[in-house]
Amino acid sequence: MRLLQIHEPGQTPDLHEEGRGYVVGIDLGTTNSVVAYSEEQMPRTLSSESGASLLPSIVSFQEDLQPKVGEASSPLTIRSVKRLMGLGRKELEQLQSSHSFHLSEDISEDDSLVYLKVGDRRVTPQEVSAEILRDLKKRAEVQLEGNVDRCVLTVPAHFDEAARKATKDAAKLAGMEVLRLINEPTAAALAYGLENGVEGIYAVYDLGGGTFDVSLLKLQKGVFQVLATGGDPALGGDDFDVFVLDSLLELHGKRSKDFAPSTVSSFLSIVRCGKEELTSRDVCHVSFPLPEGEIKCSLSRSKLEELISDSVERTLKICREVLQTVSLNPAEVQGVILVGGSTRIPYVQKAVSKCFEQDPYGNVNPDEVVAHGAAIQAEALTSGAQTLLLDVTPLSLGVEIMGEMVDKIIPRNSPIPASKSHEFTTSQDGQTAMAIHIVQGEREFVKDCRSLGRFELRGIPPMGAGKARIKVQFTVDADGLLSVSAREETTGAAQSIDVRPTYGLTQTDMEKILAESYLNGSDDIRSRLLLESKIKLEADLNVLSGSLKTETELLNKSEFSDLTTLVEKGNIVLRSSNREEVEAFRKLLDKETCFYAERQISSALKRLGTGTKKP
Amino acid sequence: MSHSANFLQSNLDCWFCQAPIEASHLTCPECASLQEPAAMDHFQRLFLSVQYELEMAQLERAYFEEQAKVHPDQFVGKTDREKNCAVAHSSCVNEAYAILKDPLKRAQHFLAIKGIDTTEAGDSLRDVELLEEMMIWNEKVHESASREGIDHELRLKIEKGFSTLSRTLSGSDLPQAVKIIYRLKYYTKLLDDFSLRKH
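Procedures and definitions
- Residues numbered from 1 in each chain as written.
- Chains lettered and ligands numbered in written order.
- Predicted model: local features only at pLDDT ≥ 70, side-chain atom pairs only at ≥ 80, totals over all residues.
- Heavy atoms only, no water.
- Helix = DSSP H or I, 4+ residues; strand = E, 2+ residues; numbered from the N terminus.
- Buried < 20%, exposed > 50% of the residue type's maximum accessible area, 1.4 Å probe, protein only.
- Contact = heavy atoms within 4.5 Å.
- Areas by Shrake-Rupley, 256 points an atom, 1.4 Å probe, with all protein chains shown as cover.
- Phe/Tyr/Trp six-rings, centres within 6.5 Å; stacked < 30°, edge-to-face > 60°.
- Pairing = 2+ DSSP bridges.
- Axes fitted to C-alpha atoms, helices over the stretch in contact; angles between N-to-C directions.
- Salt bridge = Lys/Arg side-chain N within 4 Å of Asp/Glu carboxyl O.
- pLDDT = per-residue confidence, 0-100.
- Expected span 1.5 Å × (residues − 1).
- Parallel < 35°, antiparallel > 145°, perpendicular 65-115°, else oblique.
- Left-handed = near helix turned anticlockwise from the far one by under 90°.
- Nonpolar A, V, L, I, M, F, W, Y, C, P; charged D, E, K, R; others polar.
- Lys, Arg positive; Asp, Glu negative; His and termini not counted.
- Arc of directions from axis to C-beta.

1. Concerning the overall build of chain B
Here is step 1: Counting secondary structure elements, chain B contains eight helices and zero strands.
Here is step 2: Split into buried and exposed, the 199 residues of chain B put 46% on the buried side.
Here is step 3: Restricting the contact set of chain B to residue pairs at least 6 apart, pairs at least 24 apart contribute 61%.
Here is step 4: Accessible surface, chain B: about 10,600 Å² in total, of which carbon and sulfur atoms supply 54%.

Written out as structure tokens, the structure is:
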């Protein structure tokens, strides 16, 4: 409501601040997820009631399609959903483990998104992730004995725009506001650096279930500065499992593609257990149950190493590239921090030691350190940040130019936030609109980069070809997310921009999902939305009745009595259990009090002595 | 000054309470709201004096100090408008740091402040001496057997160029500085391409 905008800063910037809940840090992992909370820079993991600190990132849909998180308790089980976040169908083909997902075939031509098939429904990866987040939220609420409504969420540093947005949307669906997305290696460095009070240049090698990141950070008193980052968003322990499974099945003349996705998925988790055993043993035995009898195999540590050696070498190549980016020798790196479950593999540890010419630190819990960093940042953001976290953008951002080439506007490893402008001009006389295609990636051709969206600039004043100068401002915020604005420079006319994201959910999609809330099965989302609407209406009414007492002179008699009646009506509407009714009344209230708000603003301005209303 | 001009302000009144504000102030003296970044050069942005000679430790300190004031992490609970101001400010500070950290870009920026544009290559093409040097070096890089030797020679040349540049700029011989800048631009580009091919 307009009336709210004339409050002094700091007085009521936020409606909910008083009754606000706890803010937690969440590591939404491919294999496991963790929630943590920090007080006075002392982070701790919030465990489940049974004492488990890790929540397996598994969602099983029961017969009635009710989701169960953390265990594979039905044939309809979804694992590693993080690998699908922000993916389009094109990218899916490159995913090693794609055939372990039961994907929906029910897609139209212009549908670029990936959907999962759950019974007769199509479900987005965002919704499945939201189930995991909802479970973590519940877990935190039990431990903290209070409401949890905001979080700092970690993402792999190499998550692109689409995957970041998808992750943020998942949190929204789970009923949490995301205060900041931070990169997983950065979070790990934050937790490690603060706990150990170290300074100097540190490398974080983060090999998880589905993603690989390496970041170089400069740590000094209170400042965590990312110098450069490199990685592969589709390389992790899951891929190792696929290699092992394929090799074992091949010995028995079978291929994983011959089996149903749910069978492949359960085979992969059997392989994972075997792989984990090999961390401390030289050989393990695995057996795959089949209708015609069990397939029994043995797997040696040396075989595993042979199967993963190419992938591990790929990570080392990325490490060397990142070192080169900032012109550093391995010897100049003070320490190496290992993060992610896959760094438990002795072969990986050996390879990292060789690459950085030193043994990595052994005193880090690779599963929980990321969530701890997120929790520390969550505390800093809400109680005044003492630490300065300076991160970079992992991928270059550019626009399509002639010949389907890419013109880079914000290069990778630029510190964020970053804002760059780019000037475009028209190619025809009297042209009033133009299309701009934004892409993300390091390659020179559009087809090799990720398409982020097409933007249409309209309302360009008609001029001769090449005369108009349209300045487009690209801004990457602290979450690593992009926004765009444009202006015609010769006339100063602002342009309207239509964003058509290539991937991800539109606002309408989000609203639809929230409204349907079918994964929930209950109406807790609906009741939360109702409650939110009511809180807003109540605040609006409070402001209005306050104004009616103090700024009566701005109204004539009939206006005053109209508005007083409106407040009375509003107080009745507050008892309604129908959100639509509450929202409709808020709209009405906004409309009916608009003139009053304007008078208040101009009277406030007059009091300040300027007398004019700024746009 | 194309970089800071992006954020040119149309007025210098506080966007929130309309109190008048000096361009060098980050926040409104009346209501403490963070303002949109004003147009200024990169030295000013980091509260450094406009001179080419710059200690990296001093630059870094100034950079962290300014980021600590304007980074969006400091404005989480604030209004969208103020958050946007923080993003814009923080971007400007990042940009200033990136330009001043790079000795060549810093020199170009310094000259830009003095009204000399060195972004276009046009003038360098009239420098016959430079053109000759370029031809010799292009051949050298192409035909040389000793890659390490070339790499070393180039680095030495660049290093020498920068110390001459620094002397020239503090001696206010700006036309000579422009000449050196074009040479350094060429040699650093050559070294970059060379290292790229090596890998």
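2. Regarding the overall build of chain A
Here is step 1: Per the secondary structure count, chain A includes 13 helices and 26 strands.
Here is step 2: Taken across its 615 residues, chain A has 54% of its residues classed as buried.
Here is step 3: Sequence-distant contacts, at least 24 apart, represent 66% of the contacts inside chain A between residues at least 6 apart.
Here is step 4: Just so you have it, chain A exposes about 27,900 Å², and 48% of that area is on carbon and sulfur atoms.

3. Some words on the packing of aromatic side chains
Residue and element names in this part refer to chain B.
Here is step 1: In total, this model carries eleven aromatic pairs over all chains according to the counting rule given.
Here is step 2: Seen from their ring centres, Trp15 and Phe16 are 5.7 Å apart, and the 85° between their planes marks the pair as edge-to-face.
Here is step 3: In this structure Trp15 comes out as buried when scored by relative accessible area, which is 17%.
Here is step 4: Since its relative accessible area comes to 24%, Phe16 is described here as partly exposed.
Here is step 5: Plain terms: the ring middles of Tyr186 and Tyr187 are 5.1 Å apart, the flat faces sit at 65° to each other, and that makes the pair edge-to-face.

4. Observations concerning unusual backbone geometry
Trans peptide bonds make up the majority, and among non-glycine residues the majority have a negative phi.
All names here are of chain A.
Here is step 1: In this chain, Ile416 is followed by Pro417 through a cis amide linkage whose omega measures 0°.
Here is step 2: Counting through the fold element by element, Pro417 comes out in the loop between β20 (405-410) and β21 (418-424).
Here is step 3: Despite not being glycine, Glu145 shows a phi value in the positive range, around 55°.
Here is step 4: Within the fold, Glu145 resides in the loop between α2 (125-144) and β10 (148-155).

5. Description of the sheet that holds β21 of chain A
All names here are of chain A.
Here is step 1: Strand order in the open sheet made by the three strands is β21-β24-β25, with antiparallel pairing throughout. Bordering the open sheet on either side are β21 and β25 (482-488), each of which pairs with just one other strand. Put simply, the sheet's adjacent strands are angled 20° from each other on average, direction ignored.
Here is step 2: Strand direction decides the pairing type here: β21 and strand β24 (residues 470-476), joined by seven bridges, are antiparallel.

6. Considering the pattern of salt bridges
Here is step 1: Considering all chains together, one arrives at 34 salt bridges over all chains under this definition.
Here is step 2: Ionic pairing is found between Glu306 of chain A and Lys303 of chain A, a salt bridge with its closest N-O pair at 3.5 Å. Taken as a pair, Glu306 of chain A and Lys303 of chain A lie in helix α7 (residues 301-325) at a separation of three residues, close to a single helical turn.
Here is step 3: Relative accessible area serves as the criterion here: at 30%, Lys303 of chain A is assigned to the partly exposed category.
Here is step 4: One salt bridge connects Glu66 of chain B with Lys69 of chain B, and the closest N-O pair in it is separated by 2.9 Å. Placement of the pair is Glu66 of chain B and Lys69 of chain B together in helix α3 (residues 56-70), with a separation of three residues, close to one helical turn.
Here is step 5: On the basis of relative accessibility, which here comes to 4%, the residue Glu66 of chain B falls in the buried class.

7. Regarding the confidence of the model for chain B
Here is step 1: Taken over all residues, the pLDDT of chain B has a mean of 81, while the share at 70 or more is 87%.
Here is step 2: Taken together, the stretch residues 1-10 of chain B has pLDDT below 50 and engages in 25 contacts with residues farther than four places along the chain or on a different chain.

8. Observations concerning the pairing of β25 of chain A
All names here are of chain A.
Here is step 1: Residues Leu482, Val484, Ala486 and Glu488 point to one face of β25 and are all buried, whereas Ser483, Ser485 and Arg487, pointing to the other face, are not buried.
Here is step 2: Where β24 lies against β25, seven bridges are found, and the strand directions are antiparallel. Its bridge partner lying in β25, Lys471 is registered against Arg487.
Here is step 3: In sequence, β24 turns back onto β25 through a hairpin of five residues, with Gly480 there showing a positive phi of about 85°.

9. What about helix α7 (residues 147-170) of chain B?
The periodicity of an α-helix, 3.6 residues per turn, causes residues three or four places apart in sequence to face the same way.
Here is step 1: End to end, α7 of chain B covers 35 Å across 24 residues, agreeing with the expected 34 Å (1.5 Å per residue, within 8%).
Here is step 2: Looking only at α7 of chain B, the buried set comprises Ile150, Asp151, Leu154, Ile158, Gly161, Phe162, Leu165, Ser166, Thr168 and Leu169 of chain B.

10. Some words on the environment of Val50 of chain B
Residue and element names in this part refer to chain B.
Here is step 1: With respect to the helices and strands, Val50 occurs in the loop between α2 (42-45) and α3.
Here is step 2: We classify Val50 as partly exposed; its relative accessible area is 34%.
Here is step 3: Residue contacts for Val50: discarding those within four places in its chain leaves Asp41, Phe43, Phe110 and Ile113.

11. Looking at the pairing of β24 of chain A
Here is step 1: Extensive coverage of β24 of chain A is indicated by the burial of seven of its seven residues.
Here is step 2: Neither face of β24 of chain A is open: one carries Ile470, Val472, Phe474 and Val476 of chain A, the other Lys471, Gln473 and Thr475 of chain A, and all of them are buried.

12. Re the packing of helix α6 (residues 128-143) of chain B against α7 of chain B
Think of two packed helices as two axes; the pair is described by the angle between the axes and how far apart they sit.
Residues and elements named next belong to chain B.
Here is step 1: With their axes 11 Å apart at the nearest point, α6 and α7 run at an angle of 155° to one another. Looking at the two axes, α6 sits roughly antiparallel to α7. Considering the relative orientation of α6 and α7, their crossing is left-handed. When α6 is examined against α7, the residues Glu133, Trp137, Lys140 and Val141 are found in contact with a partner set consisting of Ile150, Glu153, Leu154 and Lys157.
Here is step 2: When grouped by side-chain class, the residues that make up the contact of α6 with α7 number four nonpolar, no polar and four charged.

13. Quick look at the side chain of Glu305 of chain A
Residue and element names in this part refer to chain A.
Here is step 1: Here Glu305 is to be found in helix α7.
Here is step 2: Buried charge without a partner: Glu305 forms no salt bridge, and the closest opposite charge is Lys350, 4.4 Å away.
Here is step 3: Contacts of Glu305, omitting those with residues within four sequence positions, involve Tyr347 and Lys350.

14. Observations regarding the confidence of the model for chain A
Residues and elements named next belong to chain A.
Here is step 1: Averaged over all residues, the pLDDT of chain A equals 84, while 88% of them reach at least 70.
Here is step 2: Confidence, expressed as mean pLDDT per element, reaches its minimum in chain A at strand β26 (residues 496-501) with 57 and its maximum at strand β1 (residues 22-28) with 96.
Here is step 3: Under a pLDDT of 50 for its full length, residues 611-615 has, in the predicted model, eight contacts with residues more than four places off or in other chains.

15. A closer look at the sheet that holds strand β18 (residues 388-390) of chain A
Here is step 1: Ordered by their spatial adjacency, five strands build an open sheet running β17-β12-β13-β14-β18 (chain A), and the pairing between neighbours is mixed. Every other strand in the sheet has two partners, leaving β17 (335-339) and β18 of chain A as the edge strands with one partner each. Shown here is a sheet whose adjacent strand axes are inclined to one another by a mean of 25°, direction ignored.
Here is step 2: For strand β13 (residues 212-220) of chain A and strand β14 (residues 223-232) of chain A, the ladder comprises nine bridges, and the chain directions are antiparallel. Across the sheet, residue Asp213 of chain A finds its bridge partner in β14 of chain A, namely Gly231 of chain A.
Here is step 3: Docked against the sheet, α3 of chain B engages β13, β14 and β18 of chain A, running at close to 105° with respect to β18 of chain A.

16. Brief notes about helix α12 (residues 557-573) of chain A
All names here are of chain A.
Here is step 1: Here α12 is 17 residues long and its end C-alpha atoms lie 25 Å apart, about the 24 Å a rise of 1.5 Å per residue gives.
Here is step 2: Among the residues of α12, Glu559, Leu563, Leu566, Val567, Gly570 and Val573 are the ones counted as buried. Looking straight down α12, one finds its buried side chains confined to an arc of 120°; they lie on one side. Across α12 from its buried face, at more than 90 degrees, point the exposed residues Lys557, Glu568 and Ile572.

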